[in-house]
Amino acid sequence: MSIHVSRRRQLILAACLFSLDLAAVAATPPAAPSQPVTETLHGVAVADPYRNLENLKLPETQAWLKAQGAYAAEQLAAIPVRDEIQQRIETLAKATGDLVRGVARMPGERYYYLKRKAGENQLKLVLRKGLGGAEQVLVDPEALTKAAGGVPHAINYFVPSWDGRYLAYGISAGGSEDASLCVMDLRSGKPVGEPVPRVHEAAVHWLPDSKALTYNQIRELPAGAPEAEAYMDSTVFLLKVGDPVSAARPLFGPLVNTDLKLDRLDVASVFFSPGSPYMVARTTDTTVPEGKVFVAPVASLNGKRVPWQQVSGFDDKITDVQLRGKQLFLRTYEGAPRGRVLALELAKPVLANAHTVVAEPATGVLESFALGRDAIYTEERQGFTLRTLRHAGGKTTDLALGLAGSTFLGGDPAHAYSDMLLTTSSWTEPATILLADGHGKVRNTGLRESQKPAGVPELVVSEVMVPSHDGVKVPLAILHRKGLMLNGSNPTLLVGYGAYGFSFEAGYDPRAYAWFERGGVLAMVNVRGSGAFGDPWYRAGFKATKPNTWKDGVAAARYLINQGYTSNKALGIWGTSAGGIFVGRAVTSAPDLFAAAIFDVGVMDAVRAEESANGVTNISEFGSAKNPAEFPALLEMSTYHQVKDGTAYPAVMFIHGLNDPRVDVWHSAKAAARLQAASTSGKPILLRLDGQAGHGVGSTAAQGYSKQADIYSFLLWQFGMAGTKPAN
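Quantities reported herein were computed from a predicted structural model and do not represent experimental measurements.

Let us look at the pairing of strand β9 (residues 180–185). Of all six residues in β9, five are buried; the element is thus mostly enclosed. One ladder, built from six bridges, connects strand β8 (residues 166–173) with β9; its direction is antiparallel. Within the sheet, the bridge partner assigned to Ala168 lies in β9 and is Val183. Between β8 and the antiparallel strand that follows it, β9, lie six residues; Gly174 among them carries a positive phi value of about 60°. By the bridge criterion, two bridges tie β9 to strand β10 (residues 190–191) in an arrangement that is antiparallel.

Below, the structure is given as structure tokens:
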């Protein structure tokens, strides 16, 4: 649930800001320093009373952030049930078993994946040769964390070479996602060459011979350059294993291929497939998946010039591209709002020659696809459920027919296998990792052995369609413990997002039992702006239609009250990242509907967002304030600008990591300052800050437990239920 792409920021504030002295905390949160600015944009006077908080280097800004963080920490620590809830969350997580994610199955039955054992704090990179083989830890961020004096490090991505000799991976610190690319020789376990800085994206690819790799590197900006320049003019480099970084060859990008007339935000990857004589360059602005696609012969790397031939552009609505042999496979929504898959023979790489190999579903949404050795696999959505389908020989097969919940495609990047990895997901059962052969045989791989914690309550799940403000019905999933009385008094948390076409699906979080055990109700809504019903549903919560996103959320909140789940005295709402628009505008448009709200690393000032490094890449999603046609929608979706003086707002907890590379911390800072000054309810407006976190990527287990405990306890406190005990 995030702004889609990895982004950079310096570790500006980090540990020096957060050595908190709780004994010195004020009785009330300190007023923010204000240096107001009023701009006239397209004839509209736009007030910005806390523009100065965007400058995180100002001593007065740092002092205010430190005081706000300390005040929030003191308030949260004083909630009677807070420590008890955190202890329960930790117990539930450990009892569920080890966490495994990101499994990549490579030739020779080599399985690479990230694993965090029960009780451990960070994900490690593991290799298993054969399902019966022993696990070998390849990269342990815990060791890097200790060497850095406790600053948490994380693995951002990993890419094994096709032949199993090498491993490329990215490492970043403090939640910054400012990853450096490292290469390891798996025979010796030792690094090869030197780390490559500023390789933030997982756009790292091995050549077919596994002797060199490509990567996208962002520029090192000169001093004083605007933040918005950070992702402009990035370059794909080709580097032979063991060569110094200085020897890397510029291969593709706006500064390399001037004849291709690339945009400055055409962030590219160049990828390959074993046995294919072709290579593919694909660009996006790293926010929306549409972009440009080019192909060229791999053999042309031996020459001075690569003859790139363009296959598609943004208007062709291509959202995914994969290569196998002499064919290119493309997922598009052109003429197919719910998606279809095309195949193109690269001997004549003209998109008009492509033919449909997987048709648009009659119902549901074809969200993604993958290639095996002799089949095409798709993930198709029906409501909150995804099914994995196998397409081969004119026949379509559900790989896990009858399995409850969702199944997600695993990784077979070399297209080496006739069966496919699946990861399961459901509201009520822990995930497993399966192998399915397409002929009805499904077996557990044993890669992830999870179990339901003992003694947890049985859950009831309802998936309903809720009429919104305009009569359009919106999907809502509601979870609570069995036997809960719908008497209008249950603590309830509504969660939404609504951007980039991202949708919620059935998922299991054992830590949520700490909420259910106290009578809590959890509701997930796929508002417009998500992709629940394909591209039209996404476009119905996009730029000028963005108000549907929070109006759908308000409709879901009213439904929960009208159906007796809760009341406005016990209803909370939570949105993360781009979901900050969902939660912020729901609260500012209907403040009397909620008792409390969680604004989690949220986009709060949509008008100024594009002045930041990641904000400029999101113009394609939200619009530009410099565009007179798009500015009104940005002003309307900007929570910061919609806060009204003298309004009784609900309690709000802002959550932000100081090293956030996707949504700058000043979004939360400015909105918190504005709400603290404007609200007349007397309810707390807290700014919870973490000096060793970013957008959530790379956070440790301990950081996750603490955050979730703060959310649950803050809500119960504001519902007047902080002294309650879980039901037996």
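What follows is about the nonpolar core. Counting 119 residues, the largest nonpolar core has Leu476, Leu494, Ile573, Phe599 and Phe654 as its most contacted members. Looking at this core element by element, the count peaks at eight residues for helix α13 (residues 701–718). Contact partners of Leu494, with chain neighbours within four places excluded, come to Leu476, Ala523, Val525, Gly553, Ala556, Ala557, Leu560, Gly572, Ile573 and Trp574. Counting residues in each nonpolar core, the second largest holds 37 residues, with Val139, Tyr166, Val204 and Phe237 among its members.

A few words now on the environment of Pro453. In this fold, Pro453 is placed in the loop between β30 (442–444) and β31 (459–467). In this structure, Pro453 is in contact with Leu92, Ala95, Thr96, Tyr508 and Pro510, ignoring residues within four places of it in sequence.

Let's shift gears to the sheet that holds strand β13 (residues 235–240). Paired through backbone hydrogen bonds, the strands of a sheet run either parallel or antiparallel to each other. Read from one edge of the open sheet, four strands run β11-β12-β13-β14, paired in antiparallel fashion. If you trace the sheet from one side to the other, it starts and ends with β11 (205–206) and β14 (249–252), each paired once. Alignment of strand β12 (residues 212–217) against β13, held across six bridges, turns out to be antiparallel. The residue of β13 that forms the bridge with Thr214 is Leu238.

Below, the discussion takes up the packing of helix α2 (residues 59–77) against helix α12 (residues 666–678). Interhelical geometry of α2 versus α12 gives an angle of 70° and a closest axis separation of 12 Å. Compared by their axis directions, α2 and α12 come out roughly perpendicular. Of the two possible hands of crossing, α2 and α12 adopt the one that is left-handed. Contacts between α2 and α12 involve Trp64, Leu65 and Gln68 from the first element and Ala669, Ala673 and Gln676 from the second.

Another aspect to go through is the pattern of salt bridges. What the rule picks out here adds up to 47 salt bridges. Between Glu177 and Arg662 there is a salt bridge, with the nearest N and O atoms lying 2.7 Å from each other. Taken together, the positions of Glu177 in the loop between β8 and β9 and Arg662 in the loop between β37 (651–657) and α12 put the pair 485 residues apart, joining distant regions of the chain. For the pair Glu177 and Arg662, one class covers both residues: buried. In this structure, Glu610 engages Lys626 in a salt bridge whose closest nitrogen and oxygen atoms are separated by 3.3 Å. You can see Glu610 sitting in the loop between β36 (596–600) and α9 (619–622) and its partner Lys626 sitting in the loop between α9 and α10 (631–637), a full 16 residues away along the chain. Judged by relative accessible area, which is 56%, Lys626 ranks as exposed. In this structure, a network of salt bridges that share partners links the residues Glu39, Asp48, Arg51, Glu54, Asp605, Arg608 and Lys670.

Moving on: the packing of aromatic side chains. For the structure on display, the rule yields 16 aromatic pairs. Grouped by ring-pair contacts, the aromatic residues Tyr497, Tyr500, Phe502, Phe504 and Phe622 constitute a single cluster. Positioned over the ring face of Phe542 is Arg539, at 4.9 Å from the centre of the ring. Over the ring of Trp550 we find Arg585, and its NZ or CZ is 4.7 Å from the ring centre.

We now examine the packing of helix α3 (residues 82–96) against α13. When two helices pack together, their arrangement is given by the angle between the helix axes and the distance between those axes. For the pair α3 and α13, the least separation of the axes is 9 Å and the interaxial angle reads 135°. One finds that α3 runs oblique with respect to α13. When the axes of α3 and α13 are compared, the crossing they make is right-handed. Note on element contacts: α13 touches α3 through Tyr705, Ser706, Gln708, Ala709, Asp710, Tyr712, Ser713 and Leu716, opposite Arg82, Ile85, Gln86, Ile89, Glu90 and Ala93.

Taking 1.5 Å of rise per residue, the 18 residues of α13 would be expected to cover 26 Å, and the 26 Å separating its terminal C-alpha atoms lies within 8% of that figure. Among the 18 residues of α13, 14 are classified as buried, and the element is accordingly described as predominantly covered. Following α13 by one or two positions, Gly720 adopts a phi angle in the positive range, close to 75°.

The rules behind these values
- Residues numbered from 1 in each chain as written.
- Predicted model: local features only at pLDDT ≥ 70, side-chain atom pairs only at ≥ 80, totals over all residues.
- Heavy atoms only, no water.
- Buried < 20%, exposed > 50% of the residue type's maximum accessible area, 1.4 Å probe, protein only.
- Helix = DSSP H or I, 4+ residues; strand = E, 2+ residues; numbered from the N terminus.
- Pairing = 2+ DSSP bridges.
- Core = buried A, V, L, I, M, F, W, Y, C linked by side-chain atoms within 4.5 Å.
- Contact = heavy atoms within 4.5 Å.
- Axes fitted to C-alpha atoms, helices over the stretch in contact; angles between N-to-C directions.
- Parallel < 35°, antiparallel > 145°, perpendicular 65-115°, else oblique.
- Left-handed = near helix turned anticlockwise from the far one by under 90°.
- Salt bridge = Lys/Arg side-chain N within 4 Å of Asp/Glu carboxyl O.
- Phe/Tyr/Trp six-rings, centres within 6.5 Å; stacked < 30°, edge-to-face > 60°.
- Lys NZ or Arg CZ within 6 Å of the ring centre and 35° of its normal.
- Expected span 1.5 Å × (residues − 1).

Any link to function would need more than the numbers given here.
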